[in-house]
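Chain and residue survey
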Amino acid sequence: EWINNQEEKKKFLNLIKQKNIFYCKEVSRKLVPYYLFHSDVCLIPYKNMDICRLATAPLKLWEYFAAGKPVVATDLGRDYLYPYLIKTAKDYDDFW
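1. Details of the nonpolar core
Residues Val 32, Leu 36, Cys 42, Ile 44, Leu 61, Tyr 64, Phe 65, Val 71, Ala 73 and Ile 86 constitute the largest nonpolar core, which totals 10 residues. Those elements giving two or more residues to this core turn out to be α2 (32-37), β1 (42-44), α4 (59-66) and β2 (71-74). No other element matches α4, which puts 3 residues into this core. Other than its neighbours up to four places away in sequence, Cys 42 contacts Leu 36, Tyr 64, Lys 69, Pro 70, Val 71 and Val 72.

2. Observations concerning the confidence of the model for the protein
When pLDDT is low, close inspection of the predicted coordinates is not appropriate. For the protein, the average pLDDT comes to 82, and 95% of its residues sit at 70 or higher. The least confident element of the protein, judged by mean pLDDT, is helix α3 (residues 50-55) at 74; the most confident is α2 at 92.

3. What about the sheet that holds β2?
Spatially, 3 strands are ordered β1-β2-β3 in an open sheet, and the strand pairing comes out parallel. Sheet topology places β1 and β3 (86-89) at the edges, where each strand pairs with a single neighbour. With direction set aside, neighbouring strand axes in the sheet form an average angle of 25 degrees. Two elements, β1 and β2, share 3 bridges in a ladder whose sense is parallel. The residue of β2 that forms the bridge with Ile 44 is Ala 73. With respect to the sheet, α4 is in contact with β1, β2 and β3, its orientation differing from that of β1 by roughly 160 degrees.

Basis of the calculations
- Residues numbered from 1 in each chain as written.
- Predicted model: local features only at pLDDT ≥ 70, side-chain atom pairs only at ≥ 80, totals over all residues.
- Heavy atoms only, no water.
- Core = buried A, V, L, I, M, F, W, Y, C linked by side-chain atoms within 4.5 Å.
- Buried < 20%, exposed > 50% of the residue type's maximum accessible area, 1.4 Å probe, protein only.
- Helix = DSSP H or I, 4+ residues; strand = E, 2+ residues; numbered from the N terminus.
- Contact = heavy atoms within 4.5 Å.
- pLDDT = per-residue confidence, 0-100.
- Pairing = 2+ DSSP bridges.
- Axes fitted to C-alpha atoms, helices over the stretch in contact; angles between N-to-C directions.

If you want it as structure tokens, here you go:
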């Protein structure tokens, strides 16, 4: 299980019950364009932790850009190369 905090797990389980949310665990590389085509907005919801702030360079960001999709990402205190293409959120509630 990748969520070990019970409060966060409860929030996540409530989130994926929403009618406009589709959660899938893993997608093969071949199917990524299909899923992106059917997405309205793409998320990069990292936890605000040192490892995420210092050592992440998500490939999904470039896939989202290539698909022309709006992106909402956790504000990790970094300067994104294209800030006008990304909306940042400070915490769980800020994503909404």
